Amino acid sequence: MKTSGHDGQSRIGGKQRRWLFPIIMAAAYVVIYFIAPHRTVKSLMASGTVLKQMVLPLLLVFVVMVVLNRFVRPSHVSRFLGRRAGIKGVLLSSVAGILSMGPVYVWLPFLAEVREKGASDFHLANFLSSRAVKPALLPLMIGYFGWRFSLTFTVLNMVGALLVGVAVFYLCGGRSQSQRPVK
């Protein structure tokens, strides 16, 4: 299929726009360095620290996405996290959300990939909402707040995750990504 000259130009413009933000930020750092060199160096050090913290989780998600694309077929995802997955899908998305570690922004590309392979909106919302429950922090929470608060908080978070999943499922049309019409 041939593209017109305009489409080719917009693709080139898109590639150039991709570098616009990093170039503007680098220029801003250079200008600010002449105004406040100590603060600029401190800011760059803080940015480096954040980058170091992000590299490992992003690399892990990248590896998981490669494995997912290589070995997991859409039929597998639909069976375990699709619309008709049943209680196994609910348990899988809940437990996976509880056990997931790291910042949520690292999980978003992975979840988008799983959604494209057939996971339902319910299971994605349940996974994201279940992340509020962290078993590793439960003893600490019990130590600070006691058993009653900790148990109530955890149970209500799990019920809330299911309610959020149901709400998202119905408000988003009750379909998985693979069932949505292509625009």
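Residues numbered from 1 in each chain as written. Predicted model: local features only at pLDDT ≥ 70, side-chain atom pairs only at ≥ 80, totals over all residues. Heavy atoms only, no water.

Participant: Describe the side chain of Ser150, with residues and values.
Facilitator: Mapping Ser150 onto the fold places it in helix α9 (residues 147-171). Under the relative-accessibility criterion, Ser150 is labelled buried at 1%. Sequence-distant contacts of Ser150, that is, excluding residues within four places in its chain, are made with Leu138, Met141, Ile142 and Phe145. (Helix = DSSP H or I, 4+ residues; strand = E, 2+ residues; numbered from the N terminus. Buried < 20%, exposed > 50% of the residue type's maximum accessible area, 1.4 Å probe, protein only. Contact = heavy atoms within 4.5 Å.)

Participant: Give a detailed account of the pattern of salt bridges, specifying residues and quantitative values.
Facilitator: For the structure shown, the criterion picks out 1 salt bridge. Asp121 is the salt-bridge partner of Arg115, the closest N and O atoms lying 3.0 Å from each other. Overall, Arg115 belongs to the partly exposed group, its relative accessible area being 25%. (Salt bridge = Lys/Arg side-chain N within 4 Å of Asp/Glu carboxyl O.)

Participant: Describe a nonpolar patch on the surface, listing the residues and the values that go with them.
Facilitator: A surface patch of nonpolar side chains, about 700 Å² in accessible area, is lined by Leu56, Leu59, Phe62, Val63, Val66, Val67 and Phe71. Tracing the backbone through its elements, the reader meets Val66 in helix α3 (residues 37-71). (Patch = residues over 30% accessible without salt bridge, like charges linked within 9 Å, V, L, I, M, F, W, Y side chains within 5 Å. Areas by Shrake-Rupley, 256 points an atom, 1.4 Å probe, with all protein chains shown as cover.)

Participant: Break down the confidence of the model for the protein chain for me, with residues and values.
Facilitator: Across the protein chain, the average pLDDT comes to 80, with 79% of residues at or above 70. Confidence scores differ between elements of the protein chain, with helix α1 (residues 5-18) showing the lowest mean pLDDT of 60 and α9 the highest of 93. Contacts from residues 1-5, a stretch scored under 50 in pLDDT, to residues over four places away or in other chains number 1 contact. Across residues 177-183 the pLDDT falls below 50, and counting only partners more than four positions away or on other chains, this stretch makes 11 contacts in the model. (pLDDT = per-residue confidence, 0-100.)

Participant: With reference to specific residues and values, describe the packing of aromatic side chains.
Facilitator: Tallied over the full model, the rule gives 7 aromatic pairs. A centroid spacing of 6.3 Å and a plane angle of 50° characterise the contact between Tyr144 and Phe145, whose relative ring orientation is tilted. Residue classification places Tyr144 among the exposed residues on the basis of a relative accessible area of 62%. Members of the aromatic cluster, connected to one another through ring pairs, are Tyr144, Phe145, Phe149 and Phe153. (Phe/Tyr/Trp six-rings, centres within 6.5 Å; stacked < 30°, edge-to-face > 60°.)

Participant: Which residues make up helix α5 (residues 86-99), and what values go with them?
Facilitator: Helix length check: α5 (14 residues) gives 20 Å between terminal C-alpha atoms against 20 Å at 1.5 Å per residue, within 8%. Those residues of α5 that sit buried are Gly89, Val90, Ser93, Ser94, Gly97 and Ile98. Viewed along the axis of α5, the buried residues span an arc of 160°, placing them on a single side of the element. Set apart from the buried face of α5 by more than 90 degrees, the exposed residues are Lys88, Leu91 and Leu99. (Expected span 1.5 Å × (residues − 1). Arc of directions from axis to C-beta.)

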